Amino acid sequence: FFSRLCTCSLHRTPSEWHLVDPFTLSATMACCSCCGERKPKPVPGTKESRSCTDCLCLLVWLIFTAAWVFVSVMAFTYGNTDWVLYGMDYEGNVCSKESATTPNVTDLADNNYGKNWTSRKLIWYPLDTDLFTAAESPTTKLQTLLKLGICVDACPVPNGDLIRPTKVKWYSEPREWNVWYASSTPILNRCIPDLQSNLTTPVVRALAESFIADTGIGSLFQYLEAELLDGIWVMVIGIGTGVVLCFVWIFFLKFTVTFFVHLVLLIVLALFTGGSVLLFWRAEYIKLYAAQDDPWQSYIIWFQIGGGILGVFAIIFLLLIIFMWRRIQVAIQILKLSADVITTTPTILIIPVLAVILITIDVVYSVFVGITLYSAGEVVPDNFTISAPWLQPVLNTTNQLLNSGVDLTNGLNLTNATVNITGIDTTAVINTSYIKDTFNFKLLFQLFNLFEFLWAMGLVNAIAFMTMAFVTVMYYFSVPGDGKKAPIGATFTGLWWTLRYHLGTVAMGSFIIAVIQLIRIIASYIQSKVEQSQNDAAKWIGRCIQCYLACLERIVTWINKNAYIICCIESSSFCSSAATAVGLLLSNLADVSAANFIADAIFIFCKICITGLNVAIMYGLFQTGLVSETKVLFLPLILGGFISWTLASVFMHVYDAVQDTALMCYCWDKENNNGSDEKPYYFNSRLQSILNKYNEGRDHKGRSTRKVHVAVSDPGDESAPALTPDKGPSP
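Residues numbered from 1 in each chain as written. Predicted model: local features only at pLDDT ≥ 70, side-chain atom pairs only at ≥ 80, totals over all residues. Heavy atoms only, no water.

What the chain contains, in helices and strands, is 21 helices and ten strands. By sequence separation, contacts in the chain at least 24 residues apart represent 75% of the contacts at least 6 residues apart. Counting every atom, the chain has about 39400 Å² of accessible surface; 66% of that belongs to carbon and sulfur. (Helix = DSSP H or I, 4+ residues; strand = E, 2+ residues; numbered from the N terminus. Contact = heavy atoms within 4.5 Å. Areas by Shrake-Rupley, 256 points an atom, 1.4 Å probe, with all protein chains shown as cover.)

Below is the structure:
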């Protein structure tokens, strides 16, 4: 009843309200809160159409972020950050930090790598083959090695002497380690072995040199190093030319996209047709010229089957081109419109760069929290048995001490001396320390830290995509028809609107993706354990689950992306936007499929062309000799091609996001507007012409036969037709 009253009153002018009795008028105003004329619906992509969405999800995200901060505080409180930074030696001491088990001055005096404990900021790990067995896993070997660290002032340098090698002593035990396998370089306060150092033992160096001489790999490395030094400036110039090429290519793409689309379609059709003809020709050639006992005779049937399949694909592809020609033209116009968005708003290219920076910060922070959580616990003593790299003293004929740390083989290989070996130790018990997991909820906190890392990374990507979508929406709905232009500062306005109004929406979408990714990681861990078993059924089930989760993540990502676009248009919640997006995509499935296929093909084609052109420019720079005296450099051209492909991928990623948004705007415009003065179409005249040709001659059973009319409406134009008042019954 009240709905009918509201509808009737909305069609009355203020001069006719006296015709309505007071009770009806008061009831109508209470129901509708209307005071005369209806307010026009805001134009999509404007500030007037904005409202906060998914505030509850935003609150959940804030709670989870606060919980992540709590986990970080717990990690920094109970974790040993000094151990993370400086390392822990075999007695449980943190290098450069005084502790209860720090060796006394006497013990330090026996060690030739630092008299003052606080100056020992580096940790060195003995690298001895006797420590490990071939059956041990790399993880076990690494855990063993990390338990044997020794705090030192400087990384030990081997002297290259196999008989009297450099030694590093333990603090309070008559043990010492030989330094003969490689020198080491301090990296993050760890002495990392330098496997390319010349200060290795003669035996190891001779073996490596013989390998290098046999394979020629040494000269290859020297050649590549020289190429990099000679071609560094060419690669730097190549980065600049790559960026310029991407801009120029996208600018001219809006004029040449029709040619490129037709060219790509022709190439695909030619590949199918040519492949089919080639396989049939090969089969006939074998029939005519190959002997009966020729092994190729058995491949004739496979050539024929392959040729038939490719021929069927060629026919299907040709029929799709014919029957979807109108939709291909729509896809071309969408690509042109997307190129206009990027060329008129080049600041949109800043968004991927900001996203990469934020994701890098997220990775570094999450990894540091994870390592700090790992270090949380109690340092306890540990005893384990290893193969002993030590022997009792080896004496020469004059009973002088030669070496107390040479292994058995090298000891017996001493020449020009009578060797007496007594009391050989083949095993030894090592007293070390390790961190015991006494910190409660460590595994739970690690999983939560992993989940927050995934959520934060997904949130950054979602914000970046919605910002680019906002720029496209503001451009598309700037004016009906032609003459579109995004407002000044559209990129930063889109970023602000995303954070101000729709942070809860992107938080919800990225939350769903993070949950699926965490489940996939856990399932992958379980799958790795199952693969080690002999249960084939369990392996098959695990692989099926992995495939299902991967498909689910791709589907949800696709839905999220289109939901963000609808949120930019309608300012609706995530669930409502997702439902609207799926409905629009299903009702325009042919247009969407054709546009996405054409866009993906064009993007790949553009990346190949940009990379090839930039590599050709770099090759020309080498040939001219203006930058480098070398004429042809192999490695710089490969690296330049990789850099060019990466730059083109970044530009095409932005282009892809803009194209997806423009396509969704077109579908939404076609479904929600009717071309009238109140609801004008916003697509340009080129799309208007395509739709008019498509609608010509269609009867009332198919679709509307009227032509699409796109007119630029002026808000101040008073010549627009007014609402016809409903006279209603006389009082």
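The rest of the description comes next.
On to unusual backbone geometry, then. Even without glycine at this site, Ser96 takes up a positive phi of about 75°. With respect to the helices and strands, the residue Ser96 is situated in the loop between helix H4 (81–86) and helix H5 (105–109). Notably, Ser571 is not glycine yet its phi reads approximately 60°, a positive angle. The class for Ser571 is buried, based on a relative accessible area of 7%. (Buried < 20%, exposed > 50% of the residue type's maximum accessible area, 1.4 Å probe, protein only.)

Between its first and last C-alpha atoms helix H18 (residues 574–587) spans 20 Å; for 14 residues at 1.5 Å apiece the expected length is 20 Å, and the two agree. Against the buried residues of H18 lie helix H16 (503–530), helix H17 (536–570), helix H19 (589–624) and helix H20 (634–672). (Expected span 1.5 Å × (residues − 1).)

Following the criterion strictly, the structure yields two disulfides and no others. Here Cys95 is linked by a disulfide to Cys151, with a sulfur-sulfur distance of 2.0 Å. Taking the torsion about the S-S bond as the criterion, the Cys95 to Cys151 disulfide, at about -85°, is left-handed. Linking Cys95 in the loop between H4 and H5 with Cys151 in strand E2 (residues 150–152), this pair joins segments that are 56 residues apart in sequence. With relative accessibility at 0%, the residue Cys95 sits in the buried group. With its sulfur 2.2 Å from that of its partner, Cys155 forms a disulfide with Cys191. (Disulfide = S-S within 2.5 Å.)

Before going further, it helps to examine the packing of aromatic side chains. Under the criterion given, the structure shown has 29 aromatic pairs. Each ring, one from Phe70 and one from Phe445, has its centre 6.4 Å from the other, and the planes form 80°; the classification is edge-to-face. Taken as a pair, Phe70 in helix H3 (residues 55–78) and Phe445 in helix H14 (residues 442–476) lie far apart in primary sequence, 375 residues in all. The exposure class assigned to Phe70 is partly exposed, which follows from its relative accessible area of 47%. Looking at Phe445, the relative accessible area reads 12%, which means it is buried. Look at Phe272 and Phe317: their rings are 6.1 Å apart centre to centre, the planes differ by 65°, and that puts the pair in the edge-to-face class. (Phe/Tyr/Trp six-rings, centres within 6.5 Å; stacked < 30°, edge-to-face > 60°.)

This brings us to the confidence of the model for the chain. Of all residues in the chain, 69% attain a pLDDT of 70 or more, and the chain-wide mean is 75. Across the chain, H14 holds the top mean pLDDT of 93, while helix H13 (residues 408–412) sits lowest at 36. Per-residue pLDDT stays below 50 along residues 1–20; that stretch engages in 27 contacts with residues further than four places along the chain or on separate chains. Between residues 388–426, whose pLDDT stays under 50, and residues either more than four places distant or in other chains, the model counts 66 contacts. (pLDDT = per-residue confidence, 0-100.)

Ranked by size, the top nonpolar core spans 103 residues in total, and within it Val261, Leu335, Tyr655 and Tyr666 carry the most contacts. For this core, the leading source of residues is H14, giving 19 residues. With residues near it in sequence (within four places) discarded, Val261 still touches Ile328, Ile332, Leu335, Ile598 and Ile602. Grouped together as the second largest cluster of nonpolar side chains are 26 residues, Tyr86, Leu145, Ile150 and Val152 included. (Core = buried A, V, L, I, M, F, W, Y, C linked by side-chain atoms within 4.5 Å.)

This part is about the pattern of salt bridges. Tallied over the entire structure, the rule returns nine salt bridges. A salt bridge links Asp340 to Lys254; the shortest N-O distance between them is 3.3 Å. Pair noted here: Asp340 is in helix H11 (residues 325–344) and Lys254 is in helix H9 (residues 232–289), with a separation of 86 residues, a long-range link. Classification of Asp340 as buried rests on a relative accessible area of 14%. The buried category is assigned to Lys254, whose relative accessible area is 16%. (Salt bridge = Lys/Arg side-chain N within 4 Å of Asp/Glu carboxyl O.)

Our next topic: the environment of Leu278. Along the polypeptide, Leu278 turns up in helix H9. With 28 residues separating them along the chain, Leu278 and Gly306 place their C-alpha atoms 10.0 Å apart.

It is worth spelling out the side chain of Thr472 at this point. Following the sequence through the fold, Thr472 ends up in helix H14. Note on Thr472: relative accessible area 0%, which makes it buried. Among all residues touching Thr472, those that are not within four sequence positions of it are Val341, Val658, Thr661 and Ala662.

A cluster of nonpolar side chains, contributed by Trp296, Tyr299, Ile301, Trp302, Ile305, Ile309, Val312, Phe313, Ile316 and Leu320, occupies part of the molecular surface with about 980 Å² of accessible area. In this fold, Val312 is placed in helix H10 (residues 300–323). Looking at Val312, the relative accessible area reads 42%, which means it is partly exposed. (Patch = residues over 30% accessible without salt bridge, like charges linked within 9 Å, V, L, I, M, F, W, Y side chains within 5 Å.)

Right, let's talk about the packing of H3 against helix H12 (residues 350–374) for a bit. Two elements in contact, H3 and H12, have axes whose closest approach is 8 Å; the angle formed by their N-to-C orientations is 45°. Viewed along their axes, H3 and H12 adopt a mutual orientation that is oblique. The handedness of the crossing between H3 and H12 is left-handed. Residues Trp68, Val71, Ser72, Ala75 and Phe76 of H3 touch H12, and the partners they reach there are Asp362, Tyr365, Ser366, Phe368, Val369, Thr372 and Leu373. Across the contact of H3 with H12, the residue classes break down as eight nonpolar, three polar and one charged. (Axes fitted to C-alpha atoms, helices over the stretch in contact; angles between N-to-C directions. Parallel < 35°, antiparallel > 145°, perpendicular 65-115°, else oblique. Left-handed = near helix turned anticlockwise from the far one by under 90°. Nonpolar A, V, L, I, M, F, W, Y, C, P; charged D, E, K, R; others polar.)

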